[in-house]
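Chain by chain, the residues:
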Amino acid sequence: MITITSAGVNPSQVTVPPGARVLFVNDDSRAHNMTSDPHPDHQDCPELNAVGLLQPGQRRETGNLVTVRTCGFHDHDDPPPPGGQNRWTGRITVR
């Protein structure tokens, strides 16, 4: 589970086995639109795009992460600077 707050995502890095899903929970007072890297195409790990827009209090899972790889994610509405990170970025490693 990844929790979203005004301070950012926690944890910012998780490792899961192939076939797992990751739950995102929005505990912030504003909406977050969680998507796969890179911004703005979101094509690296399409399974992450199933999370999408989360209003405060909402929760949603990714699709099944079946491919062994590392998937970066970010808030589409508050993207990181080019080549950088911000408090709403992270990685899910599937192995």
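Residues numbered from 1 in each chain as written. Predicted model: local features only at pLDDT ≥ 70, side-chain atom pairs only at ≥ 80, totals over all residues. Heavy atoms only, no water.

J.: Sorry, what's going on with the packing of aromatic side chains here?
T.: Any two aromatic rings considered together are summarised by their centre-to-centre distance and by the angle between their planes. Per the counting criterion, the structure on display carries one aromatic pair. Centroid distance F24 to F73: 5.1 Å. Interplanar angle 90°. Geometry classified as edge-to-face. Here F24, found in strand β4 (residues 23–26), pairs with F73, found in strand β8 (residues 69–75); they are 49 residues apart in sequence, far enough to count as distant. In this pair, the class of F24 matches that of F73, namely buried. The ring of W88 is capped by R30, whose NZ or CZ atom sits 4.8 Å from the centre of that ring. (Phe/Tyr/Trp six-rings, centres within 6.5 Å; stacked < 30°, edge-to-face > 60°. Helix = DSSP H or I, 4+ residues; strand = E, 2+ residues; numbered from the N terminus. Buried < 20%, exposed > 50% of the residue type's maximum accessible area, 1.4 Å probe, protein only. Lys NZ or Arg CZ within 6 Å of the ring centre and 35° of its normal.)

J.: How do you make sense of the pattern of salt bridges when you look at a structure like this?
T.: Any two side chains of opposite charge can pair, given that their charged atoms come close. Scanning the entire structure with this criterion turns up four salt bridges. For R30, the salt bridge is made with D75, and the minimal N-O distance between the two is 3.8 Å. Taken together, the positions of R30 in the loop between β4 and β5 (32–36) and D75 in strand β8 put the pair 45 residues apart, joining distant regions of the chain. Judged by its relative accessible area of 32%, R30 falls in the partly exposed class. For E47, the salt bridge identified is with R69, shortest N-O distance 2.8 Å. (Salt bridge = Lys/Arg side-chain N within 4 Å of Asp/Glu carboxyl O.)

J.: Any chance you could explain the sheet that holds β8 here in plain terms?
T.: Two modes of strand pairing occur in sheets, parallel and antiparallel, and in both the strands are linked by backbone hydrogen bonds. Overall, mixed pairing links the five strands, which are arranged β3-β9-β8-β5-β6 in an open sheet. Both outer strands of the open sheet, β3 (13–16) and β6 (52–54), are each paired with one neighbouring strand and no more. Here the strands of the sheet are splayed against their neighbours by 25° on average, with no regard to which way each runs. As paired strands, β8 and strand β9 (residues 89–94) are joined by six bridges and run antiparallel to one another. Its bridge partner lying in β9, F73 is registered against G90. (Pairing = 2+ DSSP bridges. Axes fitted to C-alpha atoms, helices over the stretch in contact; angles between N-to-C directions.)

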